[in-house]
Amino acid sequence: IRKTTIVKMERLDSFDIGKKIDFVSIDVEGHELNVLHGMDFESIDYDVFVIENNRAENVRWGGSEIREFMQQQGYHFWGRIFGMDDIFIKEISCD
């Protein structure tokens, strides 16, 4: 038996949340990179991300696509939680 469920999606930046977010957790069953590509990294300042990263090619250590994307956005890979989630912290310049 299959059942189709319609889920309403809204962009985070469509809410009046300000320009600074301390913590973001993303776990959307394999669509994490799609979510990240849809986020506004220029207008909103995010400090810390926890992102599920258990791609099939390397479940234990996670895939490299999310890490490469986050590095391009100015985030440092800090570590992993329970072999499932990656932690990223915004790089801070010491000017």
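Right above here is the structure, for reference.
Residues numbered from 1 in each chain as written. Predicted model: local features only at pLDDT ≥ 70, side-chain atom pairs only at ≥ 80, totals over all residues. Heavy atoms only, no water.

A. Just the sheet that holds strand E3 (residues 75-81), in detail. Spatially, four strands are ordered E1-E2-E4-E3 in an open sheet, and the strand pairing comes out mixed. The sheet is open, and its two borders are formed by strand E1 (20-26) and E3, each paired with just one other strand. In this sheet, neighbouring strand axes are inclined to one another by 15° on average, regardless of whether the strands run parallel or antiparallel. The sheet contact formed by strand E2 (residues 45-52) and strand E4 (residues 85-90) spans five bridges and is antiparallel. Bridged to glutamate 52 within E4 is aspartate 85. (Pairing = 2+ DSSP bridges. Helix = DSSP H or I, 4+ residues; strand = E, 2+ residues; numbered from the N terminus. Axes fitted to C-alpha atoms, helices over the stretch in contact; angles between N-to-C directions.)

B. Structural context of a nonpolar patch on the surface. On the surface, a cluster of nonpolar side chains totalling about 250 Å² of accessible area is made up of Leu12, Phe15 and Ile17. Looking at where isoleucine 17 falls in the secondary structure, it is placed in the segment before E1. (Patch = residues over 30% accessible without salt bridge, like charges linked within 9 Å, V, L, I, M, F, W, Y side chains within 5 Å. Areas by Shrake-Rupley, 256 points an atom, 1.4 Å probe, with all protein chains shown as cover. Salt bridge = Lys/Arg side-chain N within 4 Å of Asp/Glu carboxyl O.)

C. A look at the pairing of E3. Bridge count for E3 against E4 is six bridges, and the pairing is antiparallel. Across the sheet, the residue bridging to histidine 76 is isoleucine 89, located in E4. Connecting E3 to the antiparallel partner E4 that follows it, the hairpin turn spans three residues, and phenylalanine 82 within it adopts a positive phi of roughly 50°.

D. Up close: the nonpolar core. Core analysis: the biggest nonpolar cluster contains 16 residues, and Leu36, Met39, Phe41, Tyr46, Phe49, Ile51 and Met70 have the highest contact counts within it. For this core, the elements supplying multiple residues, two or more each, are E1, helix H1 (32-37), E2 and helix H2 (64-72). Not counting the four nearest positions on each side in its chain, isoleucine 51 is found in contact with Ile26, Glu32, Leu36, Ile66, Met70, Met84, Asp85, Asp86 and Phe88. (Core = buried A, V, L, I, M, F, W, Y, C linked by side-chain atoms within 4.5 Å. Buried < 20%, exposed > 50% of the residue type's maximum accessible area, 1.4 Å probe, protein only. Contact = heavy atoms within 4.5 Å.)

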